[in-house]
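# Notes for the structure review
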Amino acid sequence: MRSTVGWQVEGSSSTLRRTPLERRDLRPDDLAVRVDYCGVCHSDLHAIDVRDGEGGRPLVPGHEFTGVVTETGPAVTRFTVGDPVAVGNIVDSCGECAMCRAGQENFCHAFPTLTYGGTDRRDGSTTLGGYSREYVVRDRFAYRLPAGLDPAAAAPLLCAGITVWEPLHALGVGPGTRVAVAGLGGLGHLAVKIAVALGADTSVISRSPDKADDARRLGAHGLIVSADPEQMAGARNRFDVVIDTISAPHDLGPYLRLVALDGTLSHLGHLGPVTVETTDLLVGRKKLSSAGSGGTPATIAMLDFCGEHGITADIELLPSARVNEALDRLRRNDVRYRFVLDLSDLDLAASVRAS
Ligand SMILES: [Zn+2]
Ligand SMILES: [Zn+2]
C-alpha cells in the first residue's frame, strides 16, 4: 500500500481531522495523482452531516479535484508523469451495460464507483476522496486538464461543471436559446457561464436583487427576483430551458410557469421527492427533467469547451487546514461561489510528522 495523508471524519463527528491514509498499489491501468486542489461540494457536506451510518465512516470527502500524474501503471498509454489531470465523482463503472456503452457511466446499471464512499470493483474496499494529497485512479476516469485553465479554479468543473453541462447539452442549448438559471451558487454560476458561452440568451432567477451585479458580470442579460410576484408574472412562459440549481427543497410551480411551450425545467440542485401540480406541466406541454454528474465523453467535451472559452469557477481558495471553516460557511451558504482546498499544506504535515 501507498501512504498519504488527508482530511477524514470518523464516528458521529462532523469535524475533519488530518489523518494518515493508505492508497492501493498501482494496478496496470492506474495513475497515481498528486492532488493539488479539491473543490468543496454540497454532496460533501451531506455525507459529512449524515450521522446514521448512511454516509459511511470513516469518510474522506472530495470528488472534484485537479493535480499532476506522479506515477503510471504499465498499461497506461494516455498519460505520463507530469501531466496535469482532473478527476470527478466517478472512478469506475461496469463498462458493459447499455449506459456504459452509451458513454453514460454516471448512470451505470451496476452503479458507478463513486470517488469516495464507493466500493472498489476489484478489491471491495471503500473509496476515499480527494481531500488528500494522493489519489490512485483508473486511467479511464482521469481527464487531461486543458492548458490555460487555472487548476484551482478548474477543479469545480469536475462535479458542478459537468452536472450543468450535461442538461444544457442534452437540451440542445445554443445560440438564441432562452435559458434561465435559478439559484446562483456553485452549480448556478457555472450554468450561467456555460450557457452564455453556448450563445444562449441567459437570465438568472434569484430570491434577492443583490445578485444582479454578479449575474451581469457572469454574462447574464438580466435578473428576475423570485420574491417579486410582478417580475415572476412578467417572465411567464419566457424560457425554453430553466436550470433549477436551488439546493433546498422548494415548490417547482413558480419555476415551471416560467417555461415556454414545449420547454423544460431541469431540476438539479436537490435530490428527493417533489410535488408538481400537473396543470403546470399540461399548460404549455412542459417537461420536467433532472440530471447529475456526467459520462466520460461528456466530461471530455465539457473540459475542451471550458478550455476554449476560458471558463472556470469563481472560487475562494483556502489551505486545506481550513477545511472545517469552509464546511461551516458552506452550511450557511456563505461562499461565492465555490470553496477549493489547496492540499499542498499536507506535505508540511507529513514532514512534521516524520521528523
Ligand atoms: Zn459534487
Ligand atoms: Zn455499466
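Up top is the structure.
Residues numbered from 1 in each chain as written. Chains lettered and ligands numbered in written order. Predicted model: local features only at pLDDT ≥ 70, side-chain atom pairs only at ≥ 80, totals over all residues. Heavy atoms only, no water.

### Observations regarding the coordination of the zinc ion (ligand 1)
By definition of the ideal shapes, four donors in a tetrahedron about a metal sit 109.5 degrees apart, and six donors in an octahedron sit 90 or 180 degrees apart. Donor atoms from the polypeptide that coordinate the zinc ion (ligand 1) comprise Cys41 (SG), His63 (NE2) and Cys159 (SG), at 2.0 to 2.2 Å from the metal. All donors of the zinc ion (ligand 1) come from a single chain, and their spacing in sequence reads C-x21-H-x95-C. Residue Cys41 is found in the loop between strand 3 (30-40) and helix 1 (42-49), and its partner His63 is found in the loop between helix 1 and strand 4 (65-72); the two are separated by 22 residues along the sequence. Judged by its relative accessible area of 5%, Cys41 falls in the buried class. You can call His63 buried: its relative accessible area is 7%. (Donors = N, O, S within 2.8 Å, 3.2 Å for Na, K, Ca; no water. Helix = DSSP H or I, 4+ residues; strand = E, 2+ residues; numbered from the N terminus. Buried < 20%, exposed > 50% of the residue type's maximum accessible area, 1.4 Å probe, protein only.)

### Description of the sheet that holds strand 10 (residues 178-182)
Within the open sheet, the 6 strands sit side by side as 12-11-10-13-14-15. Their pairing is parallel. Each edge of the open sheet is held by one strand with a lone partner, namely strand 12 (222-225) and strand 15 (287-289). Pairs of neighbouring strands in the sheet enclose a mean axial angle of 20 degrees, with direction left out of account. Relative to strand 15, strand 14 (residues 259-267) is paired through 3 bridges, and the arrangement is parallel. If you follow Leu265 over to strand 15, its bridge partner there is Leu288. (Pairing = 2+ DSSP bridges. Axes fitted to C-alpha atoms, helices over the stretch in contact; angles between N-to-C directions.)

### Description of the state of the cysteines
Tallied over the entire structure, the rule returns 0 disulfides. Looking at the unpaired Cys38, the closest cysteine sulfur is the one in Cys41, lying at 9.4 Å. For Cys38, a relative accessible area of 0% gives the class buried. (Disulfide = S-S within 2.5 Å.)

### Some points on the layout of surface pockets
In this model, the second largest pocket occupies a volume close to 260 Å³. Around the second largest pocket, the lining is made up of 19 residues, and of these Arg23, Arg24, Asp120, Ser125 and Thr127 lie nearest the centre. Looking at the lining of the second largest pocket, the elements that each hand over two or more residues are strand 2 (17-23), strand 6 (90-92) and strand 8 (134-138). The element best represented in the lining of the second largest pocket is strand 8, accounting for 3 residues. Of the residues that constitute the lining of the second largest pocket, the class distribution is 5 nonpolar, 4 polar and 10 charged. (1 Å grid on protein atoms, 1.4 Å probe; cavity = no way out; pocket = protein on both sides within 12 Å on 5 of 7 lines; lining within 4 Å. Points joined across faces, edges and corners; volume = space filled by probe spheres on them. Nonpolar A, V, L, I, M, F, W, Y, C, P; charged D, E, K, R; others polar.)

### Comments concerning helix 4 (residues 160-170)
The element helix 4 is largely enclosed, with a buried count of 9 among its 11 residues. Within helix 4, burial applies to Ala160, Gly161, Ile162, Thr163, Val164, Trp165, Glu166, Pro167 and Leu168. Tucked inside the fold, the buried residues of helix 4 contact helix 5 (186-197), strand 13 (239-244), strand 14, helix 10 (296-309) and strand 17 (338-342). Gly172 lies just past helix 4 and shows a positive phi near 70 degrees. (Contact = heavy atoms within 4.5 Å.)

### Examining the side chain of Thr202
Following the sequence through the fold, Thr202 ends up in strand 11 (residues 201-206). Exposure remark for Thr202: the relative accessible area of 0% places this residue in the buried category. Within the local environment of Thr202, its side chain forms a polar contact with the backbone oxygen of Ala200, the two atoms lying 3.1 Å apart. When sequence neighbours within four positions are dropped, the list of residues in contact with Thr202 reads Val179, Val181, Val192, Ala195, Val196, Ala220, His221 and Gly222. (Polar contact = N/O pair within 3.5 Å; in protein donor to acceptor, adjacent residues only side chain to side chain.)

### A few points about the coordination of the zinc ion (ligand 2)
Around the zinc ion (ligand 2), the protein supplies Cys94 (SG), Cys97 (SG), Cys100 (SG) and Cys108 (SG) as donor atoms, at distances of 2.3 to 2.4 Å. Relative to the metal, the 4 donor atoms surrounding the zinc ion (ligand 2) lie at angles of 104 to 118 degrees, and the coordination shape comes out tetrahedral. Along the chain, the residues that donate to the zinc ion (ligand 2) are spaced as C-x2-C-x2-C-x7-C. Classification of Cys94 as partly exposed rests on a relative accessible area of 26%. (Tetrahedral: all angles 85-135°; square planar, octahedral: opposite > 155°, others 65-115°.)

In short, the description is geometric, and any link to function would need to be established separately.
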